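# Survey of secondary and tertiary structure
Here is how the chains run, residue by residue.
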Amino acid sequence: MNITDVRVRKVAKEGKMKAVVSITLDEEFVVHDIKVIEGEKGLFIAMPSRKATDGEYRDIAHPINSQTRERIQKIILNKYEEAMELEEAVAE
């Protein structure tokens, strides 16, 4: 499985959520609404989720092992940093 495209949409409002990301896998499958969040230990991703009837949020798409999660997170956060640097360069 290869991530063949990453699209970053910065969130305009202030808060912990910094961006919403879509990734394309093998140019055949898209996962939307991955969130880039600023936590106490730095940036991390949250997979798309839905509120269940018990009030808890549950992921509706997610990696099934930690190695895959780490690989996806690294790619997304690198692309997010690139997008933020480009935005700063354009603003100057």
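That block above? That's the structure.
Basis of the calculations
- Residues numbered from 1 in each chain as written.
- Predicted model: local features only at pLDDT ≥ 70, side-chain atom pairs only at ≥ 80, totals over all residues.
- Heavy atoms only, no water.
- Helix = DSSP H or I, 4+ residues; strand = E, 2+ residues; numbered from the N terminus.
- Buried < 20%, exposed > 50% of the residue type's maximum accessible area, 1.4 Å probe, protein only.
- Contact = heavy atoms within 4.5 Å.
- Areas by Shrake-Rupley, 256 points an atom, 1.4 Å probe, with all protein chains shown as cover.
- Pairing = 2+ DSSP bridges.
- Axes fitted to C-alpha atoms, helices over the stretch in contact; angles between N-to-C directions.
- Expected span 1.5 Å × (residues − 1).
- Polar contact = N/O pair within 3.5 Å; in protein donor to acceptor, adjacent residues only side chain to side chain.

### Focus: the overall build of the protein
A count of helices and strands for the protein gives 1 helix and 6 strands. When the elements of the protein are put in sequence order from the N terminus, they spell out β-β-β-β-β-β-α. When its C-alpha atoms are laid out on the principal axes, the protein stretches across 45 × 30 × 25 Å. Relative to its 92 residues, the protein shows a buried fraction of 27%. For the protein, restricting intrachain contacts to residue pairs at least 6 apart in sequence, the fraction spanning at least 24 positions comes to 27%. Total accessible area on the protein stands at roughly 6900 Å², and carbon and sulfur atoms take up 49% of it.

### Some words on the sheet that holds strand β1 (residues 3-10)
The antiparallel open sheet is built from 4 strands, whose spatial order is β1-β2-β3-β4. Single-partner strands in this sheet number two, and they are β1 and β4 (42-46). Taking the axes of each pair of neighbouring strands and ignoring which way they run, one obtains an average angle of 25° across the sheet. Sheet topology places strand β2 (residues 17-25) next to strand β3 (residues 29-39); 7 bridges connect them, and they run antiparallel. Directly across from Ala19, in β3, lies its bridge partner Val36. Sheet strands touched by helix α1 (residues 66-91): β1, β2, β3 and β4. Its angle to β4, the strand with the most contacts, is close to 120°.

### A closer look at α1
An ideal rise of 1.5 Å per residue puts 38 Å on 26 residues; α1 measures up with 37 Å between its terminal C-alpha atoms. The set of residues buried in α1 consists of Thr68, Ile72, Ile76, Leu77, Tyr80 and Met84. On the buried face of α1, the contacting elements are β1, β2, β3 and β4. At the N-terminal end of α1, a side-chain oxygen is found 3.3 Å from the backbone nitrogen of Gln67, two or three residues along, and the residue is Asn65.

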